[in-house]
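Observations on the three-dimensional arrangement
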Amino acid sequence: MNKLLEVEGLKTEFKRAGGNVMAVAGLDFHINSGEVLGLVGESGCGKSVTSLSIMRLLKGTPGQNAGGHVKFEGKDLLRLSENEMRKVRGKELAMIFQEPMTSLNPVLRIGKQIEEPIRLHLGFNKAKAREHAVHMLQLVGIPRASEVMNDYPHQLSGGMRQRVMIAMAMSCHPKLLIADEPTTALDVTIQAQILDLMKRLKEERSMGMLLITHDLGVVAEMCDRVVVMYAGRVVEEAPVKELFANPQHPYTQGLIRSVPKLRQKVKRLESIPGNVPDLSHMPQGCKFAPRCAHVMPECMTTEPELLAVGGEGRKSRCWLTQQSEQKGGSAV
Amino acid sequence: MSTPLIEVKGLQKSFLVNKGWFGKHKYLRAVDGISFSIGKGETFSLVGESGCGKSTTGRLVTRLLTPNEGEVWFNGQNITQLSDNQMRPIRKEMQMVFQDPYASLNPRMKVKDLVAEPLLIHTKLSQGERDKLASELLEVVGLNSFHAERYAHEFSGGQRQRIGIARALSVRPSLIVADEPVSALDVSIQSQVLNLLQDLQEEYGLTYLFISHDLSVVEHISDRIGVMYLGALVETASKEELYERPLHPYTQALLSSVPVADPSLTRERIILKGDLPSPVDPPTGCRFHTRCPSCMEVCKTKAPKFLEVEPDRHVACHLYDEEIMSGRQA
Amino acid sequence: MSQQSTAAANSSQGSGQQPAAPAKRKSATAEFLRKFSKQKVSLVAGIFIILLVLVAIFGPYITPYDPSAPDYDALLAGPSAKHWAGTDEYGRDILSRLIEGTRLSLAVSLSAVLIAAFFGTILGLLSGYYGKWLDRLIMRGSDVMFSFPDILLAIGIVAILGPGLTNVVIAVAVFGIPSFARMIRSVTLSAKETLFVEAARSMGAKDRRIIWRHIFPETLPSVIVNVTMKIGGAILAASSLSFLGMGAKPTEPDWGAMLSMGRDYLSIAPHVVYFPGLIIFLTVLAFNLVGDGLQDALDPKMKN
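Let me sum up the structure you'll find in this document. Remember, predicted model here, so these are calculated numbers, not experimental data. (Residues numbered from 1 in each chain as written. Chains lettered and ligands numbered in written order. Predicted model: local features only at pLDDT ≥ 70, side-chain atom pairs only at ≥ 80, totals over all residues. Heavy atoms only, no water.)

**Focus on unusual backbone geometry**
For the record, the criterion: Think of it this way: any DSSP run of H or I at least four residues long counts as a helix, any run of E at least two long counts as a strand, and we number them from the N terminus. Residue burial is assigned from relative accessible area. The probe radius is 1.4 Å, only protein chains are included, and a residue is buried under 20% of its type maximum, exposed over 50%, and partly exposed in between.
Its identity as a non-glycine residue notwithstanding, A:H173 has a phi of 50°, on the positive side. Along the polypeptide, A:H173 turns up in the loop between α7 (158-170) and β8 (176-180). Using a relative accessible area of 45% as the deciding quantity, one classes A:H173 as partly exposed. We note that B:L230 has phi near 45°; this positive angle belongs to a residue other than glycine. Summarising the element assignment, B:L230 is placed in the loop between β9 (224-229) and β10 (232-238). Judged by its relative accessible area of 3%, B:L230 falls in the buried class.

Take a look at the structure:
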């Protein structure tokens, strides 16, 4: 399989009054074409910053790039000029956000907003762009598509707006779709509709997808592979089934166990003690050590590397898993 | 069941949303004729999607809002029409925990004053006694007594929710109405707070009215559950019954829509068509008929009754109404 | 309660042992000072006001001459090394009179604005919190007062009560009340909707406690900003009334009265008018600039 997107040592820092802090501290992962990679983590782990860094949309946020490479089909996005980047963004690389209302212009009709990127990137004339836009709206399951073209964003429901966003994102046949919490603001029955739609579109168009979410349920249903983030780092990477069946990193284990699952029937939930560390007060060694049940002396002093452990395509950033690996034993 | 702690009968609440032209007023029927009861020591959950009226119901039960119609009984007393002054001693018995732990704590007050505020209102304890109780309460909810001198903004979301719970607990209420208490929290923190709520229930014999949109959380914490759709209860049942064998088509769809954190599981999923209708202009007949996969002709015109189809199990659906179904077959 | 702590031990699993997230903000005062000092113009204006206040307090000790002692050898003398700001028609030293007048002008305007703030805030809180007929009564009342030009209303009040500085204070205060009431009402309306106010209601807190403990602190920044903004206007209004001969007696060194007295000599000795005019202008400007700065510094939405 060829790698569609390769992120190497990506670093993003936040400007703060008392000195800059690392929001994303050296991220490595890749996405194969036609595959859905889940980027999972709790709020503040840097997953949204990662997506903005890849899209080079950090302007207007406190963040700025501080190194690394983002190779999209071999070319490094971080080295492109603003003009070259604009040609990639929206055409080959598209993005949808949690709250569609913030990325739709409230004073422009839906039709105009979808047509614009089509005309820009595909060079269609007005009539053809309109035809294509209506087609896209139909594709994402919007009833009365040609009427919706004349509506303003506020006239649509949350689910409809997210469909419009998806139609916009898909209109230029992107090779990679970055979806940042695309269903978090939606009700469950609407979420089911949107996830279903995204799955269908991804299969029809064999498009790669980076799905950013905090919801392990969504991950389990949508993703092929998963990258778990904690405190701006990747702590674990694994194919989805193996991640859930046999999580390696203590953080992933805790995360999976602390989510109440339908029909699971446990008396008590397990939980991870404590809180996510503050970016400006990071622990010295492993960033998860203060909350970890298996903490060892070396965890407090030295941060482990993200190394291959226990099986094909699996990585973990943990002294414990790496030790048991060396001993030749299987995973914890 | 002995006397229920809470009994709600035919509760209805409308809000004026639009003073239309020419005196045409538009009303939003947030809650439309719902009935349920909660036994002592029980956890009853209201679950539903946004705009289904579950939060309004919570505020009607605690009488932050007064219903247009229907009755609320607390501990055998009808509290529907009580004045603020008459309600005050009852409020000592029913405290609330709110969804947003950032907004529900006054940013200008110290934690000890936040936690002790109900004590100040309902008891004659001195400042010193209140401070002492507040630090004890902080320990009970898993914080430290030295946190008492700080302000809420110095705490994380989960810790703030613990402060909110300590505050609700301070006057030893019998009922706690928890409105989405964990939905603003990260998953790893969510389970801490859910466990705390369960422990406190055991320890103090609390009764919970738990309001949530998250079906997994609701299954974990509840004894009985009411499912709401567009202002009405469509089904009430014990947790086991509801999750094993949902009766109402909406409950079935809702349960099948929840993404499950287990990739080895493959399920048949019911995907509902269309959007939630507006509660200002709800569909005629059964409110769910516009999206229902098993909609019949009668559903479009006639609203279903909320029938007790099995002991302690109510459903509002024509499919389970023998009169209607036998009429159809005839 | 000792046995109850078991619940904590079970469910917290150590979260209690974690120190609270480090304070993201320093103390509110430090934060306020940091933000305010970033606004250079307001800072300069603030320093000017502090100087004015010092002059008001120590005025009698720093006047070069007795402000009411005439010097018949130097009537309407222009600025010179002897009299920096010249003398008036009785030969009184204008600089000394301005210094002496600072105390009077600041006292009049400040007390008028504080009285207006006091009553306006109470009316605004009641109006916003209780709504309904009380709100309509208070708001229609303030509409009526708004419909008069400010100074006309004040003139009317002084005309009824008779001239004198106390009555000027009352007049200026009365026409300041509606604007305070309106502003506090709108802040109250939004504070009433906050979740922590609803939480207080759910606890069974009485209205009085909700208003004073939960809503009033929310309105305080607006009150402070508005007081500063209004002082400028009050100085002008008080000066205008004195100028019209309805306020300070001619012997009293009030800035407005000095301006009024000086206008007869505008053509032959313009300095008699220039200096009081300049000081009124600078003071009003300074208070308004400080008000602007406070507004930005106290606004939680303005982060940097």
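**Description of the sheet that holds strand β7 (residues 93-96) of chain A**
All names here are of chain A. Our working definition: A pair of strands is considered paired only if DSSP assigns at least 2 bridges between the two. The contact criterion used is simple: two residues touch if any of their non-hydrogen atoms lie within 4.5 Å. Axis definition: a line fit to C-alpha positions, over the contact stretch in the case of helices; interaxial angles, taken between N-to-C directions, run 0 to 180 degrees.
Sheet architecture is open: 8 strands sit in the order β7-β8-β9-β3-β10-β11-β13-β12, paired in mixed fashion. Only two strands of the sheet have a single partner each, and these edge strands are β7 and β12 (307-308). Bridging between strand β3 (residues 36-40) and strand β9 (residues 208-213) involves 5 bridges; their strand directions are parallel. Among the inter-strand pairings, V36 is bridged to a residue of β9, identified as M209. Taken strand by strand, helix α8 (residues 188-205) contacts β3, β7, β8 and β9, and its axis lies near 155° from that of β9.

**Observations regarding the environment of C:G277**
Topologically, C:G277 is positioned in helix α11 (residues 271-298). C:G277 sits 22 residues away from C:W255 along the chain, and the two C-alpha atoms are 7.8 Å apart.

**Side note on the interface of chain B and chain A**
To keep things clear, this is the line we draw: As a working definition, buried area equals the accessible area (1.4 Å probe) given up by two parts on being put together, with both sides summed. Put simply, a salt bridge is a Lys or Arg side-chain nitrogen that is within 4 Å of an Asp or Glu carboxyl oxygen. Each polar contact in these results corresponds to two N or O atoms within 3.5 Å; when the atoms are within protein, one needs to be able to donate a hydrogen and the other to accept it, and residues that are neighboring in sequence are counted only if both atoms are side-chain atoms.
The interface is formed by 42 residues belonging to chain B together with 41 residues belonging to chain A. When chain B packs against chain A, the two sides together hide about 3600 Å² of surface, and 53% of this comes from carbon and sulfur. Summed over the three residues of chain B that lose the most area to chain A, namely B:V187, B:A261 and B:P263, the buried surface amounts to 17% of that side. Our enumeration of links across chain B and chain A arrives at 3 salt bridges. Between B:E202 and A:K267 there is a salt bridge, and its shortest N-O distance comes to 4.0 Å. Counting the contacts that link chain B with chain A gives 17 residue pairs in polar contact (both at pLDDT 80 or more). Secondary-structure elements contributing two or more residues to the side of chain B that touches chain A are α6 (187-204), α7 (215-221), α8 (239-244) and α9 (249-257) of chain B.

**A short note on α8(A)**
All names here are of chain A. Operational definition: A helix is expected to span 1.5 Å multiplied by its residue count minus one.
Between the first and last C-alpha of α8 there are 26 Å, a value that for 18 residues agrees with the 26 Å anticipated at 1.5 Å per step. Those residues of α8 not exposed but buried are V188, T189, I190, Q191, A192, Q193, I194, L195, L197, M198, L201 and K202. Of the residues trailing α8, S206 is marked for its positive phi of about 40°.

That is the geometry; function is a separate question.
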